[in-house]
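# Summary of the model geometry
If you want the building blocks of each chain, they are given just below.
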Amino acid sequence: MQLSAPIYKLKQSAKQLARQTGIPLSKALDQLAIEQGFQSWSHLASSTSRSDPAQAILAWLRPGDLALLGARPGHGKTVLALELAGLASNHGYRGFFFTLDYHARDIATQLAVHGVDAGTGPDRTVFDTSDNISADYIVDRVKGQTRPALIVVDYLQLLDQKRSNPSLDNQIKKLCRYLAASRAICVLISQIDRSFDPDARSMPDISDLRLPNPVDLSAFSKMIFLHDGKIQIDQAA
């Protein structure tokens, strides 16, 4: 079904409608989705996820969300994460991409190969490849922005690789507190364990996360999984 405008434009219209009428944003989003021929906003987002997954995910995320993006190597999670950070400004956020896995030259190559637009001027996406990346580092880097941050972190299992960093669980709690206070959004890329068997299940889930150190997974409000060209986006339990 063809939308009358890009998802981010529809989302902006919903915010304006909510302000003008005093209705909750969720109801305004549903109303806009119904006008587009869908049953609800979640129906619209899920229906467009195949053709434009990054836009659909950004339409689905809410201020304060901590989302997990999981996939086995080679299934597109890094490209999708770069697209999310690159599109942040269209949705009213400043995009940040923190990586402990890639060098700056690798990111530049990925952006060029996959045609990801990182923006220009004050709206450009910030790419940070520091070896000091942790929850404390991320919060210090993004606080004080004129607009909420959309933070992408590559990746979860590397955040506590330095012994001087707090435990992974404590870092997740720090991020949650910051997101709640600032209305920012954070997407954490995660590895999927090699034990995941695609012959048994078509898509990994939360039970397949590779977690060498304990993490309270209830901290995540959204879950996104990729495999073999397919995407599944779910509200966390």
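Residue positions are given per chain, counting from 1 as you read along its sequence in written order. This being a predicted model, a pLDDT of at least 70 is required before a residue's local features are given, and a value of 80 or more before pairs of side-chain atoms are given or counted; all residues contribute to the totals for chains, interfaces and linings. Calculated side-chain values reflect all of the structure's heavy atoms, with hydrogen atoms and water omitted.

## Comments concerning the nonpolar core
Let me state the cut-off plainly: Only buried Ala, Val, Leu, Ile, Met, Phe, Trp, Tyr and Cys residues count toward a nonpolar core, and they belong to the same one when joined by side-chain atoms within 4.5 Å. For every residue, the accessible area obtained with a 1.4 Å probe (protein chains only) is divided by the maximum for its type, and the residue is called buried under 20%, exposed over 50%, and partly exposed between those limits. Here a helix means four or more residues in a row that DSSP labels H or I, a strand means two or more in a row labelled E, and each is numbered from the N terminus.
Residues L69, I151, V152, C186, L188 and F220 are the most contacted members of the largest nonpolar core, which totals 65 residues. Considering every element that reaches this core, the biggest residue donor is helix α5 (residues 77-87), with 6 residues. In this structure, L3, A14, L17 and F38 belong to the second largest nonpolar core, which totals 13 residues.

## What to know about the pattern of salt bridges
Here is the rule: The term salt bridge refers to a side-chain nitrogen of Lys or Arg lying within 4 Å of a carboxyl oxygen of Asp or Glu.
Taken as a whole, this structure holds 8 salt bridges when the rule is applied. Linking K174 and D136 is a salt bridge whose minimum nitrogen-to-oxygen distance equals 2.9 Å. Highlighted residues: K174 in helix α8 (residues 168-182) and D136 in helix α7 (residues 135-142), separated in sequence by 38 residues. Across the pair D140 and K143 runs a salt bridge whose closest N-O atoms are separated by 3.3 Å. Three or more residues joined by partner-sharing salt bridges are found here, namely R201, D205 and D208.

## Quick look at the sheet that holds strand β4 (residues 149-154)
Applicable threshold: Note on pairing: two strands pair once DSSP finds at least 2 bridges between them. Lines fitted to C-alpha atoms define the axes, with helix axes restricted to the stretch in contact, and inter-axis angles between N-to-C directions lie between 0 and 180 degrees. What makes two residues a contact is simply this: any of their non-hydrogen atoms within 4.5 Å.
Within the open sheet, the 7 strands sit side by side as β3-β2-β4-β5-β1-β6-β7. Their pairing is mixed. Two strands in the sheet have a free side with no partner beyond their single neighbour: β3 (126-128) and β7 (230-235). For this sheet, the mean inter-axis angle between neighbouring strands, taken without regard to orientation, is 15°. Note: strand β2 (residues 94-99) against β4, 6 bridges, orientation parallel. Bridged to G95 within β4 is L150. Set on the sheet, helix α4 (residues 53-60) makes contact with β4, β6 (222-227) and β7; between it and β7 the angle comes to about 0°.

Everything listed is a geometric property; what it means functionally is a separate question.
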